[in-house]
Amino acid sequence: MAADYRFSFGPWNIHEGADPFGPAVRPRIEFAKKLAMYKQLGFDAVQFHDDDAVPDLEGLSPAEITKKAAEVKKMLDGEGLVAEFVAPRLWENPKGIDGGYTSNCPECRRWAVERTFRAVDIANALGTNMLVFWLAREGTYVRESKNAIQAHQHLVDAMNQVLQYDKKITIAIEPKPNEPMDHAYLPTIGHALAIAARTVDPSRVGGLIETAHALLAGLDPSDEMAFALSMGKLWSVHLNDQNGLKFDQDKTFGAANLRAAYNQVRVLELGGYPATGRFVGLDVKAMRTQKAESATRHLANSRTIFLALVEKVRSFPKDVERQCIADRDYEALELAVIQHLLGK
Ligand code: XUL
Ligand code: MN
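This report concerns the structure included in the present document.

What counts, and where the lines are drawn
- Residues numbered from 1 in each chain as written.
- Chains lettered and ligands numbered in written order.
- Predicted model: local features only at pLDDT ≥ 70, side-chain atom pairs only at ≥ 80, totals over all residues.
- Heavy atoms only, no water.
- Donors = N, O, S within 2.8 Å, 3.2 Å for Na, K, Ca; no water.
- Tetrahedral: all angles 85-135°; square planar, octahedral: opposite > 155°, others 65-115°.
- Helix = DSSP H or I, 4+ residues; strand = E, 2+ residues; numbered from the N terminus.
- Buried < 20%, exposed > 50% of the residue type's maximum accessible area, 1.4 Å probe, protein only.
- Core = buried A, V, L, I, M, F, W, Y, C linked by side-chain atoms within 4.5 Å.
- Contact = heavy atoms within 4.5 Å.
- Near = heavy atom within 4 Å.
- Polar contact = N/O pair within 3.5 Å; in protein donor to acceptor, adjacent residues only side chain to side chain.
- Areas by Shrake-Rupley, 256 points an atom, 1.4 Å probe, with all protein chains shown as cover.
- Pairing = 2+ DSSP bridges.
- Lys, Arg positive; Asp, Glu negative; His and termini not counted.
- Salt bridge = Lys/Arg side-chain N within 4 Å of Asp/Glu carboxyl O.
- Expected span 1.5 Å × (residues − 1).
- Arc of directions from axis to C-beta.

**Side note on the coordination of the manganese ion (ligand 2)**
At step 1: Here the manganese ion (ligand 2) is held by the protein donor atoms Glu 174 (OE), Glu 210 (OE), His 238 (ND1) and Asp 283 (OD), which lie 2.0 to 2.2 Å from it.
At step 2: Around the manganese ion (ligand 2) sit 6 donor atoms; with metal-centred angles ranging over 79 to 176 degrees, the donor geometry is octahedral.
At step 3: As a motif over one chain, the donors of the manganese ion (ligand 2) read E-x35-E-x27-H-x44-D. With Glu 174 in strand S6 (residues 170-174) and His 238 in strand S9 (residues 234-239), this residue pair connects regions lying 64 residues apart in the sequence. The same class applies to Glu 174 and to His 238, which are both buried.

**Quick notes on the environment of Ser 61**
At step 1: Inspection of the secondary structure puts Ser 61 in the loop between helix H2 (50-53) and helix H3 (62-79).
At step 2: Sequence separation between Ser 61 and Arg 259 is 198 residues, and the spatial gap between their C-alpha atoms is 49 Å.

**Concerning the nonpolar core**
At step 1: Membership of the largest hydrophobic core comes to 83 residues, with the highest contact counts inside it found for Phe 48, Tyr 101, Ile 122, Leu 126, Leu 131, Leu 234 and Phe 306.
At step 2: If you tally residues by element for this core, the top one is helix H4 (residues 106-126), at 10 residues.
At step 3: Excluding residues within four positions of it along the chain, Leu 131 makes contact with Val 86, Thr 116, Ala 119, Val 120, Ala 123, Val 162, Ile 169, Thr 170, Ile 171 and Ala 172.
At step 4: Core analysis: the second largest hydrophobic core is formed by 8 residues, Phe 85, Ala 87, Ala 172 and Trp 235 among them.

**Some thoughts on the site of ligand 1**
At step 1: Neighbouring ligand 1 are the residues Trp 12, His 49, Trp 91, Trp 134, Glu 174, Lys 176, Glu 210, His 213, His 238, Asp 248 and Asp 283.
At step 2: Contacts to ligand 1 include Trp 12, whose side-chain N or O atom sits 3.5 Å from an oxygen atom.
At step 3: Interatomic distance of 3.0 Å between a side-chain N/O atom of His 213 and an oxygen atom of ligand 1.
At step 4: Burial of ligand 1 by the protein amounts to 93% of the accessible area it has alone, namely 290 Å².

**Observations concerning the pairing of strand S4 (residues 130-134)**
At step 1: Counting buried residues along S4, 4 of its 5 residues qualify, which places the element largely inside the surrounding structure.
At step 2: Inspection of the sheet shows S4 paired to S6 by 5 bridges, in the parallel sense. Across the sheet, residue Trp 134 finds its bridge partner in S6, namely Glu 174.

**Some remarks on the side chain of Lys 34**
At step 1: Turning to its location among the elements, Lys 34 is positioned in helix H1 (residues 31-41).
At step 2: Within the buried core, Lys 34 has no salt-bridge partner, and the shortest N-O distance to an opposite charge, that of Glu 16, equals 4.7 Å.
At step 3: For Lys 34, the residues in contact, after removing those within four places along its chain, are Pro 11, Ile 14 and Ile 29.

**Digging into helix H10 (residues 297-315)**
At step 1: When the terminal C-alpha atoms of H10 are compared, their 27 Å separation across 19 residues agrees well with the 27 Å that a helix rising 1.5 Å per residue should span.
At step 2: Every buried residue of H10 is accounted for by His 298, Leu 299, Ser 302, Arg 303, Phe 306, Leu 307, Leu 309, Val 310 and Val 313. For H10, the arc enclosing every buried residue in end-on projection is 170 degrees, short of the 170-degree limit, so these residues lie on one face.

**Here's the deal with helix H9 (residues 258-270)**
At step 1: For H9, spanning 13 residues, the distance from its first C-alpha to its last is 18 Å, which sits close to the expected 18 Å at 1.5 Å a residue.
At step 2: Where H9 begins, one side-chain oxygen reaches toward the backbone nitrogen of Arg 259, 3.3 Å away; that side chain belongs to Asn 257.

**Brief notes about the pattern of salt bridges**
At step 1: Considering all chains together, one arrives at 20 salt bridges under this definition.
At step 2: Asp 51 serves as the salt-bridge partner of Arg 115, at 3.7 Å between the closest nitrogen and oxygen. Taken together, the positions of Arg 115 in helix H4 and Asp 51 in helix H2 put the pair 64 residues apart, joining distant regions of the chain. The residues Arg 115 and Asp 51 share a single accessibility class, namely buried.
At step 3: Glu 92 is paired through a salt bridge with Arg 89; the nearest N and O atoms lie 3.9 Å apart.
At step 4: Glu 92 gets classed as exposed once you look at its relative accessible area, which sits at 55%.

Right, here's the structure in full:
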């Protein structure tokens with residue numbers, strides 16, 4: 001069963017527990033030590049921000065960046081791991097303070113695209129052809145501060161330059177409606193794929209759907225995934241959980257809403273996701289209260305819950321489902337689902 005699905009996470013998913021109200025509570029774990037944990041936790045691929053792979057890349061030449069990324073590729077090979085994607089981290093640099101691609105400052109927009117070219121170089125050196133665009137600050141705190149019509153054109157222009165820079169690179173847009181901004185420009189997968197259709201090569205632009213982000217948009221994550229799957233555009237997922245409309249919690253998958261988690265797994269099964277060879281990413285964070293020695297449990301637990309739900313989806317009595325649908329008896333179907341989840 002476990003062989004069907006392959007799992008990934010990013011080094012940021014093992015973290016020190018700092019939040020906006022307090023400092024780190026666990027010691028920092030260096031990157032090489034984190035890499036050694038992947039296989040033990042049951043994971044096969046690493047998700048990268050550009051500077052997870054090449055720290056302080058702003059001070060380095062393109063050749064130096066590629067060389068450093070090639071060293072990281074050797075580390076991956078040594079652990080039997082592969083890189084899933086590289087995400088340009090525009091949101092921590094002063095030039096990205098008002099968004100990169102949609103900044104009002106032309107020099108900052110140029111910087112954002114140049115920085116993304118470096119992310120492409122890193123992806124190539126790491127052996128992946130996928131970038132992820134989480135468009136952190138591409139939006140506004142104050143609606144009057146940007147021309148939103150123009151901002152969408154800026155997004156298309158930036159993606160076009162990246163698609164032209166490397167004819168093999170693909171971009172998975174990770175939509176999120178808010179945080180850090182009041183409102184972000186591509187809040188849902190519908191927005192993301194509409195923008196993708198306007199680029200010079202729509203076949204190379206798809207999506208990554210995160211559970212928490214869909215919930216923050218007031219949408220059902222499994223339906224967001226189904227929308228992308230129906231177009232062959234679900235290129236990765238960030239499974240996690242979220243307890244209502246609040247900050248992006250990145251809770252353990254299934255920990256807040258087991259039924260919604262079941263439906264996300266069900267839609268991945270219905271869409272034949274394992275056969276695509278794509279990874280199941282778990283963008284989960286340990287609670288701040290978690291002690292250092294057990295601050296990776298959230299990753300292993302999310303995977304365990306995912307696999308248990310695969311079993312649940314596969315063992316759901318299909319004849320009951322068919323009969324309930326034929327009878328249009330959705331109350332009976334709902335009870336059957338809940339009883340199945342409860343093991344009754
Ligand atoms: C932000 C988020 C990020 C991206 C990668 O909410 O989910 O972790 O997934 O930068
Ligand atoms: Mn994410």
